[in-house]
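# Geometric and topological summary
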Amino acid sequence: MPAQSDLAQAPASASPSTTAPAARSKGPVSWGIRPLDERTGGLRAGGTYLLSGLPGSGRFTALLQFLQTGLAQGTGRVGLLTAALRDRVFTESGHWGFGIEEGWREGRVAMVSYKPDFQRRLLAAADPSEVLDELGALLGPDLERLAIYPASPLWETRAGNNLASLVTGWLERIPATTVAAVGGDMDALRTPASDWVLDAANGVFQIDRLPSGLHEVTLRRLTPPPREAGPITLEAAEGRGLVAPTGALDRRRASRGDGAGAVAAAVAAPPRQGTGR
């Protein structure tokens, strides 16, 4: 049976990992989006990064590409904490040429889904840090990369700064390099809780979809700062993900977006190991 709790469920396709936590690499971590990697020099191993954007901006594609790069480059596991339906994750991944489903079936991708009443139960918990530790246990101790989509359920609650501080501490303790997606423009949606998370993050990126169908990434903040400023223009190419513009954009194949409806939908219970839907 899939590992699960009152707060989240992990549709694991293989036995949970029992290996020791992965040691943090000292070298930079590639996002897998070449123009972004060239501009930033890569992400700091073990760091936490925020990616903001409106529905349809390409956040989900960027997160899946981040995980795919980890699968392609490493021998460890990657994790996805999400409100998206499992089948939607696999469909999007396959469209962009990513092997997330294959990695999940091989036990190299840990997928944990928020339950519909996650925030209510989180607020009702006597010790929210135990909830975060529970999420960590569902994901497993040996993750090299973690993508969170969306991340706001973890800190945008009535608990305010207290919960946000617990979340940032939890992310700092886990060995994975983390990219967390938030909706909208972070500057326009600032709250005391989001301010706490922003200050603790190693970098903040904004992704937008342009009228042309191209995508634009803005580096709002990055430590250490890049040597070159200005936005980064990308094209969403079927079978390849987000890449440098080719000059031959087919708008019918432009990014299918973030699917806001899927984020708001209840997450269906996953099948038993070895079965499909």
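Note that the coordinates shown come from a computational prediction; the quantities given were computed from them, not determined experimentally.

## Some details on the overall build of the protein chain
The helix and strand inventory of the protein chain stands at nine helices and eleven strands. Counting every position in the protein chain, which comprises 277 residues, the buried fraction comes to 53%. Expressed as a percentage of contacts within the protein chain between residues at least 6 apart in sequence, the contacts between residues at least 24 apart total 75%. Within the structure as shown, the protein chain displays about 12,200 Å² of accessible surface, and the carbon and sulfur contribution to it stands at 52%.

## Topic: the pairing of strand β7 (residues 177-183)
Along any regular strand, the residues point their side chains to alternate faces of the sheet. Of all seven residues in β7, six are buried, a share of seventy percent or more. Taken together, the six bridges between strand β3 (residues 48-53) and β7 define a ladder with parallel strand orientation. Following the sheet pairing, Thr 48 is matched in β7 by Thr 178.

## Re the nonpolar core
Soluble, globular proteins show a tendency: their nonpolar side chains are buried together. Formed by 39 residues in total, the largest nonpolar core has its most connected members in Trp 31, Val 89 and Phe 205. Considering each element in turn, this core owes the most residues, seven residues, to helix α2 (residues 59-73). Once residues lying within four places of it in the same chain are set aside, the contact partners of Phe 205 are Trp 31, Leu 36, Thr 40, Leu 43, Tyr 49, Leu 50, Leu 51, Ser 52, Val 217, Thr 218, Leu 219 and Leu 222. Counting residues in hydrophobic clusters, the runner-up holds 33 residues, among them Ala 83, Ala 110, Tyr 114 and Leu 146.

## Quick word on the packing of aromatic side chains
In this structure the tally under the stated criterion is six aromatic pairs. Ring pairing ties together the aromatic residues Trp 31, Tyr 49, Phe 66 and Phe 205, which thus form one cluster.

## Digging into the pattern of salt bridges
Applying the stated criterion across every chain yields a total of eight salt bridges. A single network of salt bridges, built from pairs that share partners, joins Asp 117, Arg 120 and Arg 121.

## Describing α2
Taking 1.5 Å of rise per residue, 15 residues should cover 21 Å, and α2 covers 21 Å from first to last C-alpha, within 8% of that figure. With 13 of its 15 residues buried, α2 lies for the most part within the structure.

## Topic: the environment of Val 78
With respect to the secondary-structure elements, Val 78 resides in strand β4 (residues 77-82). Separated by 31 residues in sequence, Val 78 and Val 109 have C-alpha atoms that sit 5.0 Å apart. Contacts of Val 78, omitting those with residues within four sequence positions, involve Leu 67, Gly 70, Leu 71, Arg 108, Val 109, Ala 110, Leu 143 and Arg 145.

## Comments concerning the environment of Ser 165
You can see Ser 165 is positioned in helix α7 (residues 161-173). Once the C-alpha coordinates of Ser 165 and Ala 193 are considered, the two residues, 28 residues apart in sequence, prove to be 8.1 Å apart. In terms of polar contacts, Ser 165 uses its side chain to reach the backbone carbonyl oxygen of Asn 162, at 2.6 Å.

## Quick notes on unusual backbone geometry
Backbone phi values are negative for most residues with the exception of glycine, while trans is the configuration of most peptide bonds. Backbone torsion omega between Tyr 149 and Pro 150 reads -5°, so that peptide bond is classified as cis. If you trace the backbone, Pro 150 turns up in the loop between β6 (143-149) and α7. Note the cis peptide between Thr 223 and Pro 224, where omega equals -5°. Of note, Pro 224 is situated in the loop between β9 (215-222) and β10 (232-237).

## Notes on the environment of Gln 206
Along the chain, Gln 206 falls in strand β8 (residues 203-209). Judged by relative accessible area, which is 3%, Gln 206 ranks as buried. Only 2.4 Å separates the side chain of Gln 206 from the side chain of Ser 52, close enough to count as a polar contact. Here the side chain of Gln 206 touches Asp 208 through a polar contact of 3.3 Å, side chain to side chain.

## Regarding the packing of α7 against helix α8 (residues 192-200)
Close contact between α7 and α8 brings their axes to 8 Å; oriented N to C, the two are set at 25°. The orientation of α7 with respect to α8, classified from their angle, is roughly parallel. Crossing of α7 over α8 shows right-handed handedness. Contacts between α7 and α8 involve Asn 161, Ala 164, Ser 165 and Thr 168 from the former and Pro 192, Ala 193, Trp 196, Val 197 and Ala 200 from the latter. Considered class by class, the residues forming the contact of α7 with α8 number six nonpolar, three polar and no charged.

## Quick notes on the confidence of the model for the protein chain
Counting all residues, the mean pLDDT for the protein chain is 81, and 77% of those residues have values of 70 or more. This model gives residues 14-24 a pLDDT under 50, and the stretch forms 24 contacts once residues within four places in sequence are excluded. The low-confidence segment residues 259-277 (pLDDT under 50) makes 32 contacts with residues lying over four places distant or belonging to another chain.

Criteria and cut-off values
- Residues numbered from 1 in each chain as written.
- Predicted model: local features only at pLDDT ≥ 70, side-chain atom pairs only at ≥ 80, totals over all residues.
- Heavy atoms only, no water.
- Helix = DSSP H or I, 4+ residues; strand = E, 2+ residues; numbered from the N terminus.
- Buried < 20%, exposed > 50% of the residue type's maximum accessible area, 1.4 Å probe, protein only.
- Contact = heavy atoms within 4.5 Å.
- Areas by Shrake-Rupley, 256 points an atom, 1.4 Å probe, with all protein chains shown as cover.
- Pairing = 2+ DSSP bridges.
- Core = buried A, V, L, I, M, F, W, Y, C linked by side-chain atoms within 4.5 Å.
- Phe/Tyr/Trp six-rings, centres within 6.5 Å; stacked < 30°, edge-to-face > 60°.
- Salt bridge = Lys/Arg side-chain N within 4 Å of Asp/Glu carboxyl O.
- Expected span 1.5 Å × (residues − 1).
- Polar contact = N/O pair within 3.5 Å; in protein donor to acceptor, adjacent residues only side chain to side chain.
- Axes fitted to C-alpha atoms, helices over the stretch in contact; angles between N-to-C directions.
- Parallel < 35°, antiparallel > 145°, perpendicular 65-115°, else oblique.
- Left-handed = near helix turned anticlockwise from the far one by under 90°.
- Nonpolar A, V, L, I, M, F, W, Y, C, P; charged D, E, K, R; others polar.
- pLDDT = per-residue confidence, 0-100.

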